[in-house]
Amino acid sequence: GTDDAQGDYVDLNYVRVHENGTDALGFHGSENGGSSITYSGTRHGEDWDVGATFSANDEGETTGTVQGEKRFDINANTDARIYGEANLDGTWKAGADATHFTEDGHAVSQGIEIDDKGNADGFVSHAFENNHETVGLHLTPEGDESLSYVGHHEGEKLSKYLAGF
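Residues numbered from 1 in each chain as written. Predicted model: local features only at pLDDT ≥ 70, side-chain atom pairs only at ≥ 80, totals over all residues. Heavy atoms only, no water.

## A closer look at the overall build of the chain
Tallying secondary structure elements over the chain gives 1 helix and 12 strands in all. Computed over the C-alpha atoms, the radius of gyration of the chain is 23 Å, more than 25% above the 15 Å expected from 2.2 N^0.38 for a compact globule of 165 residues. Within the chain, the fraction of its 165 residues that count as buried is 19%. The long-range fraction of contacts in the chain, counting pairs at least 24 apart against all pairs at least 6 apart in sequence, stands at 10%. Surface exposure of the chain reaches about 11400 Å², of which carbon and sulfur atoms provide 56%. Charge centroids of the chain, computed over 9 positive and 32 negative side chains, lie 8 Å from each other. (Helix = DSSP H or I, 4+ residues; strand = E, 2+ residues; numbered from the N terminus. Rg over C-alpha atoms; globule rule 2.2 N^0.38 Å. Buried < 20%, exposed > 50% of the residue type's maximum accessible area, 1.4 Å probe, protein only. Contact = heavy atoms within 4.5 Å. Areas by Shrake-Rupley, 256 points an atom, 1.4 Å probe, with all protein chains shown as cover. Lys, Arg positive; Asp, Glu negative; His and termini not counted. Charge placed at Lys NZ, Arg CZ, Asp CG, Glu CD.)

## Here we look at the environment of Tyr14
Relative to the assigned elements, Tyr14 resides in strand E2 (residues 7-18). Exposure remark for Tyr14: the relative accessible area of 47% places this residue in the partly exposed category. With 12 residues separating them in the primary sequence, Tyr14 and Gly26 have C-alpha atoms 6.4 Å apart. For Tyr14, the residues in contact, after removing those within four places along its chain, are Asp23, Ala24 and Leu25.

## Some details on the confidence of the model for the chain
On average, residues of the chain carry a pLDDT of 92, and 94% of them reach 70 or more. The model gives residues 159-165 a pLDDT under 50, and that stretch makes 2 contacts with residues more than four places away or in other chains. (pLDDT = per-residue confidence, 0-100.)

## Details of the pattern of salt bridges
Taken as a whole and assessed by the stated rule, the structure comprises 8 salt bridges. Two residues, Arg16 and Asp23, come together in a salt bridge whose shortest N-O distance is 3.9 Å. Here Glu69 and Arg71 are joined by a salt bridge, their closest N and O atoms 2.9 Å apart. Residue classification places Glu69 among the partly exposed positions, given a relative accessible area of 23%. The network of salt bridges with shared partners includes Asp49, Glu69, Arg71, Arg81 and Asp97. (Salt bridge = Lys/Arg side-chain N within 4 Å of Asp/Glu carboxyl O.)

## Quick look at the sheet that holds strand E9 (residues 107-115)
Taking strand neighbours across the sheet as the criterion, the 12 strands line up as E1-E2-E3-E4-E5-E6-E7-E8-E9-E10-E11-E12 in an open arrangement whose pairing is antiparallel. Strands with a single pairing partner mark the edges of an open sheet, and in this sheet they are strand E1 (2-3) and strand E12 (145-152). For strand E5 (residues 48-57) and strand E6 (residues 62-75), the ladder comprises 9 bridges, and the chain directions are antiparallel. What sits directly across from Phe54, in E6, is Gly64. (Pairing = 2+ DSSP bridges.)

## So, the pairing of strand E10 (residues 120-128)
Note that E9 and E10 share 8 bridges and pair antiparallel. Paired with Glu113 across the two strands is Asp121, which belongs to E10. Once E9 ends, the chain turns through 4 residues before running back antiparallel as E10, passing Gly118 with a positive phi of about 95°. In this sheet, strand E11 (residues 131-139) lies alongside E10 in antiparallel orientation, the contact comprising 9 bridges. Bridged to Asp121 within E11 is His138.

Next up, the structure:
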């Protein structure tokens, strides 16, 4: 094509979808705007997913991310996952969480996530029917700590839950 901003240009795209994921490859080149190439893709199985993105241009700038997740059963009532992400700029994060389901319908979850800056986040949560609460803890490499609480209890007064304090 041709336009005032780019001059003569070309866009080429290739997309492939298959039973285990997708691939998309793109190229853009223009008379006035340089050129770039991009890739994004995913792969998945019964209990795992991975994905990647990458881009580069004719000025040497690159970006990219790889991420993945693995899910598994600890036992009949408890499932878990581990996950992570890494970027070409050196940033990353990784975490794990697990959820236990009781026979009477309660779900109790806990997890932790760390990152390249030295931060750590953890949580414990409980859910039952339309009620839930989560307590979180955030730690920084400087030693700062913060606690958070989020909760909702449908049709009941908060004083019932504060009675023991």
